[in-house]
Amino acid sequence: MTRLKIAIQKSGRLSDQSLELLENCGIQFARSKDKLFWYGRNLPVDLLLIRDDDIPRLLLDGVCDLGICGENVARECLLDRQRSEAELTPEVALGFGFCRLCLALPETVSFDAVSSLDGRRIATSYPALTQEYLRKHAVSAEIVELSGAVEIAPSMGTADAIVDLVSTGTTLRANQLREVALVMESQAVLYSGTRRLDDEAGKLRALLIKRIVGILQARDSKYVMMHAPKAAVDAIADILPGAESPTVLSLEGQPDKVAVHMLCTETVFWEHLEELKAMGATAILVLPVEKMLT
Ligand code: ATP
Ligand code: ZN
């Protein structure tokens, strides 16, 4: 049987959460300190630890079967290699690594429209995404490709503007830059590659994808239990977000009250609990869900 090859970022913003997700799927890796390759001990899976920029390429070339990287990196690679989006299948948006690719200018420079960049120099590590953005806005500017420290290009005099990743905006402010337009939003995504898999490896890939979806669902889900007036059960199920049909149990010696148990698949806030209380619910418990398979 073919061993499934999964690629994640070796060291960076996505590394820890990517690894944690795979380990939560039940894969145990024989870790080796500096190797790029970890062997799956209990499942036929091999882990490749590489630079995030290499992940989409390896998926497209059929070297890896699954990979986790930012949408920014995946789209840049598809555009750069002029490959169709269908060749890199997004399986699951993972809910971490949120950031946005932005156009930013020195704070002292006024900005009306993207067209004011005509004939200017834009520094970026994302030349293909930047080029596509400029083309969409019918702007022709010179792209200065840099592999890092893009944010210092304007003060160094090597560019008039930058297109760079931003999450909080602190780095931009520290460099006297301001965000003026959004190029794309991004988060970490699990992608499938193009390598043809034999039956068993294909099944294992599908199983791991299912488990990852389950992990993400369980993260948001809560099991909510309470005592409530019998008459309020329907209204209670309406209040809780993503609640499935409730389990209703009778309470010894309390004919008007019942115990209500519900799985809520979306975030339960304090406000929800306060509303339940106002409807006569008591002994409200919210429990975490460890695993979930639907
Ligand atoms: P590598 O050595 O793997 O190439 P890198 O320096 O390109 O590392 P990181 O800075 O670790 O990569 O970022 C990896 C990914 O994390 C980005 O491609 C992006 O999807 C996401 N990300 C989230 N927030 C930010 C941010 N504020 N700045 C940069 N990337 C971010
Ligand atoms: Zn990178």
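Below is a short write-up of the structure. Each residue is numbered by its place in its chain's sequence as written, counting from 1. By the order in which they are written, chains take letters starting at A while ligands take numbers starting at 1. Totals for whole chains, interfaces and linings use all residues, but because this is a predicted model, local features are given only for residues with pLDDT of at least 70 and pairs of side-chain atoms are given and counted only at 80 or more. Side-chain measures were taken over the full set of non-hydrogen atoms in the model, leaving aside hydrogen atoms and water.

Attention shifts here to the side chain of Ser186. Structurally, Ser186 is set in strand 11 (residues 177-186). Exposure is judged per residue with a 1.4 Å probe applied to protein chains only, and the accessible area is read against the type maximum: over 50% gives exposed, under 20% gives buried, and values in between give partly exposed. A relative accessible area of 3% places Ser186 in the buried class. For Ser186, the residues in contact, after removing those within four places along its chain, are Gly70, Glu71, Asn72, Gly97, Phe98 and Cys99. Helix and strand assignments follow DSSP, with helices taken as H or I runs no shorter than four residues and strands as E runs no shorter than two, numbered in order from the N terminus. The criterion used for residue contact is that any of the two residues' heavy atoms lie within 4.5 Å.

A few words on the site of ligand 1. By convention in this text, a residue qualifies as near a molecule or strand provided that one of its non-hydrogen atoms is within 4 Å of it. Near ligand 1 lie 16 residues; those nearest to it are Arg13, Arg51, Asp53, Asn72 and Ser167. Ser167 places a side-chain nitrogen or oxygen 2.7 Å from a nitrogen atom of ligand 1. Here the open area of atoms and residues is found with the Shrake-Rupley method and a 1.4 Å probe, where only the protein chains shown may cover a residue. Protein coverage of the free-state accessible area of ligand 1, which is 620 Å², stands at 77%. The residue classification treats Ala, Val, Leu, Ile, Met, Phe, Trp, Tyr, Cys and Pro as nonpolar and Asp, Glu, Lys and Arg as charged. All others, Gly included, are polar. For the shell around ligand 1, the class distribution of residues is six nonpolar, six polar and four charged. An automatic or database domain assignment is the source of the domain bounds shown. Residues from two domains meet in the shell around ligand 1; each of domain 1 (4-96 + 188-218) and domain 2 (99-186) gives at least three. In the analysis that follows, any N or O atom pair within 3.5 Å is treated as a polar contact, provided that within protein one partner can donate a hydrogen and the other can accept it, and provided that, for residues neighboring in sequence, both atoms belong to side chains.

Quick look at the sheet that holds strand 14 (residues 247-250) now. As summarised here, the arrangement of the four strands in space is 14-15-13-16, forming an open sheet in which the pairing is antiparallel. Edge positions in the open sheet fall to strand 14 and strand 16 (282-288), since each of these has one partner strand only. Going across the sheet, the axis of each strand differs from the next one's by a mean of 20°, ignoring polarity. The criterion for strand pairing is that DSSP finds at least two bridges linking the strands in question. Sheet analysis places strand 13 (residues 222-229) next to strand 16, joined by five bridges and oriented antiparallel. When the bridges of strand 16 are listed, Val224 appears paired with Val286. In this analysis, axes come from line fits to C-alpha atoms, helices being fitted only over the stretch in contact, and the angle between any two N-to-C directions falls in the range 0 to 180 degrees.

Sites may look incomplete, because water is not among the atoms used; the donor set itself consists of N, O and S atoms within 2.8 Å of the metal (3.2 Å for Na, K and Ca). For the zinc ion (ligand 2), every protein donor is listed as Asp52 (OD) and Asp53 (OD), and the spread of their distances is 2.0 to 2.1 Å. With four donor atoms in place around the zinc ion (ligand 2) and angles of 72 to 175° between them, the coordination shape is irregular. What makes Asp52 buried here is its relative accessible area of 16%. Only four donors with every angle between 85 and 135 degrees are called tetrahedral; only four or six donors with opposite donors over 155 degrees apart and all others between 65 and 115 are called square planar or octahedral, in that order; all others are irregular.

Here we come to the pattern of salt bridges. Whenever Lys or Arg places a side-chain nitrogen within 4 Å of a carboxyl oxygen from Asp or Glu, that contact is recorded as a salt bridge. Tallied over the entire structure, the rule returns twelve salt bridges. A salt bridge links Asp61 to Arg81; the shortest N-O distance between them is 3.0 Å. Of this pair, Asp61 sits in the loop between helix 2 (54-60) and strand 5 (66-70) while Arg81 sits in the loop between helix 3 (71-80) and strand 6 (89-93), and the two are 20 residues apart along the sequence. Of the residues examined, Arg81 reaches a relative accessible area of 30% and is grouped as partly exposed. In this structure, Asp65 engages Arg195 in a salt bridge whose closest nitrogen and oxygen atoms are separated by 2.7 Å. Here Asp65, found in the loop between helix 2 and strand 5, pairs with Arg195, found in the loop between strand 12 (188-192) and helix 7 (199-220); they are 130 residues apart in sequence, far enough to count as distant. Its relative accessible area of 0% is what places Asp65 among the buried residues.

Spacing of three or four residues puts side chains on the same side of an α-helix, whose turn is 3.6 residues. Taken together, the buried positions of helix 9 (residues 270-278) are His272, Leu273 and Leu276. Along the axis of helix 9, the buried positions cluster into a sector of 95°, meaning they face one direction only. For helix 9, exposure combined with an orientation more than 90 degrees from the buried face picks out Trp270, Glu271, Glu274, Lys277 and Ala278. At its buried positions, helix 9 is contacted by strand 13, helix 8 (233-239) and strand 16. Summarising the geometry, the arc corresponds to the directions from the helix axis toward the C-beta atoms.

Below, the discussion takes up the packing of aromatic side chains. Centres within 6.5 Å make a pair out of two Phe, Tyr or Trp rings, where for Trp the six-membered ring is used; the pair is then stacked when the planes are under 30 degrees apart, edge-to-face when over 60, and tilted otherwise. On inspection of all chains with the given rule, the structure shows one aromatic pair. For the pair Phe29 and Trp38, a centre-to-centre distance of 6.4 Å together with 55° between the ring planes defines the contact as tilted. Of the two residues, Phe29 and Trp38, neither departs from the other in class, the shared state being buried.

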